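# Observations on chain architecture
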Amino acid sequence: MKNRYHPLVKKTKIELLKLDKLKSISWEVQQEYNSKFLPISVEPKHRKRALDFMDALIKLLEENNHTIQFEYKRCHIEMYGQLTEINLRQKYHRKRVQNDRGYSFQSYEKSDKLEFLVGSCYCKSWIDRKIKKLEDYLQIIYDYIEKDSKGWADLRKNQKLQEEQREIELKREEEKARIIEIENTKLNQLITDSENFIKAKEVRDYLKAFEDECRQSGNLTNDIEEYIKWGLMKANILDPTK
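Residue numbers here run from 1 along each chain, matching the order of that chain's written sequence. It should be noted that, the model being predicted, local features are given only for residues of pLDDT at least 70 and side-chain atom pairs only at 80 or more, the latter also being counted only at that level, while totals for whole chains, interfaces and linings use all residues. No hydrogens and no water enter the side-chain calculation; it runs on all heavy atoms of the structure.

### Observations regarding a positive patch on the surface
Condition: Residues enter patches when they are more than 30% accessible in relative terms and free of salt bridges; like-charged ones are connected within 9 Å and nonpolar ones (Val, Leu, Ile, Met, Phe, Trp, Tyr) within 5 Å. Per-residue and other accessible areas follow the Shrake-Rupley method at a 1.4 Å probe size, with only the shown protein chains counted as cover for residues. For salt bridges, the criterion is a side-chain nitrogen of Lys or Arg within 4 Å of an Asp or Glu carboxyl oxygen. In this count, Lys and Arg are taken as positive residues and Asp and Glu as negative ones, while His and the chain termini are left out. Here the site of a charge means atom NZ of a Lys, CZ of an Arg, CG of an Asp or CD of a Glu. Segments assigned H or I by DSSP are reported as helices when at least four residues long, segments assigned E as strands when at least two residues long, and all are numbered from the N terminus. In this scheme, a residue with accessible area under 20% of its type's maximum is buried, one over 50% is exposed, and one in between is partly exposed, where area comes from a 1.4 Å probe on protein chains only.
The grouping of Lys 113, Arg 129, Lys 130 and Lys 133 at the surface amounts to a positive patch. Among the structural elements, Lys 133 can be located in the loop between β6 (124-127) and α4 (138-217). For Lys 133, a relative accessible area of 43% corresponds to the partly exposed category.

See the structure below:
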């Protein structure tokens, strides 16, 4: 029974056939391709191998509940919430060549080897060897991505837990500071109230002594009586018990 390609592999195959008919591929067309289809960059004669490899990889991923996702116009493998960029290409070797004038420059020599890369900045790659083909690395590639993804997932989980713990500690410190501020405010108010209580008592004592003196000397006029009433009213305002 003929093996059926995964739907994404099938769509990629069709799209690559369309691109083969173009004389040149613009940046916009390339970006559109990158955002929807598998990153396969090989000559037509190597395409079946590349498609077969991607098909096997995707099916292995889905058997273990992992997926292919496209983010930022790049193809990624999603494992444990982590994205790993992937790319399958035909290997080109850098080579220094010299022109007829004696000047050397860097050129690229095409090979028939397939190379699979994972990562964006610091890539890990597997390539055809004399005794081992890229297909033979499939499980090794899967295990590498799984281990790396799980490591990052655990790290970010720990970072999240640490951040949550820091938030808890921060809220605890803020609550502690709030309680201290309340206690300090209450203490300051208590001190102010006690001072005002003493002042109110001193005002009343003074007004009582002043009234007695005026009464004894016969100088208790209406104006003085009004002054004493006014003073007692202010003492009551000052007195926190009133």
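### Topic: the environment of Lys 229
You can see Lys 229 is positioned in helix α5 (residues 222-238). Along the primary structure Lys 229 and Ser 217 are separated by 12 residues, whereas in three dimensions their C-alpha atoms are 19 Å apart.

### Considering the pattern of salt bridges
Under the criterion given, the structure shown has 20 salt bridges. A salt bridge links Arg 204 to Asp 239; its shortest N-O distance comes to 3.0 Å. Of this pair, Arg 204 sits in helix α4 while Asp 239 sits in the segment after α5, placing them 35 residues apart in sequence.

### Points about the nonpolar core
Cut-off, in case you're wondering: Joining through side-chain atoms within 4.5 Å is the link that ties buried Ala, Val, Leu, Ile, Met, Phe, Trp, Tyr and Cys residues into a set, and such a set is a nonpolar core. We call two residues contacting when some pair of their heavy atoms lies within 4.5 Å.
Ranked by internal contacts, the top residues of the largest apolar core, which has 34 residues, are Ile 40 and Phe 116. Of all the secondary-structure elements, those providing two or more residues to this core are α1 (7-20), α3 (44-63), β3 (74-79), β4 (82-98), β5 (104-118) and α4. Top contributing element to this core by residue count: α3, with 8 residues. Each residue touching Ile 40, except ones within four places of it in the same chain, is listed here: Thr 12, Leu 16, Tyr 33, Ala 50, Leu 51, Met 54 and Leu 88. Leu 207, Leu 220, Ile 224 and Ile 228 belong to the second-largest nonpolar core, a separate cluster that totals 5 residues.

### So, the side chain of Glu 115
Keep this limit in mind: We define a polar contact as two N or O atoms separated by no more than 3.5 Å, with the added condition that, inside protein, one atom must be a possible hydrogen donor and the other a possible acceptor, whereas residues neighbouring each other in sequence contribute only through side-chain atom pairs.
Its location among the elements puts Glu 115 in strand β5. Residue Glu 115 is classed as buried on the basis of its relative accessible area of 5%. Engagement of the side chain of Glu 115 in a polar contact is seen with the side chain of Ser 125, the distance being 3.3 Å. Look past the residues within four positions of Glu 115 in its chain and what remains in contact with it is Asn 87, Leu 88, Arg 89, Lys 91, Ser 125, Trp 126, Ile 127 and Leu 134.

### A closer look at helix α2 (residues 27-34)
So the rule is basically this: Starting at the helix axis, one direction is taken to each C-beta atom, and the arc is that of these directions.
When we look at burial in α2, the residues that qualify are Gln 31, Tyr 33 and Asn 34. Looking straight down α2, one finds its buried side chains confined to an arc of 160 degrees; they lie on one side.

### Re unusual backbone geometry
For Asn 65, which is not a glycine, the phi torsion comes out positive at approximately 65 degrees. One can find Asn 65 in the loop between α3 and β2 (67-71). Positive phi, normally seen in glycine, also occurs at Tyr 80, with a value near 55 degrees. One can find Tyr 80 in the loop between β3 and β4.

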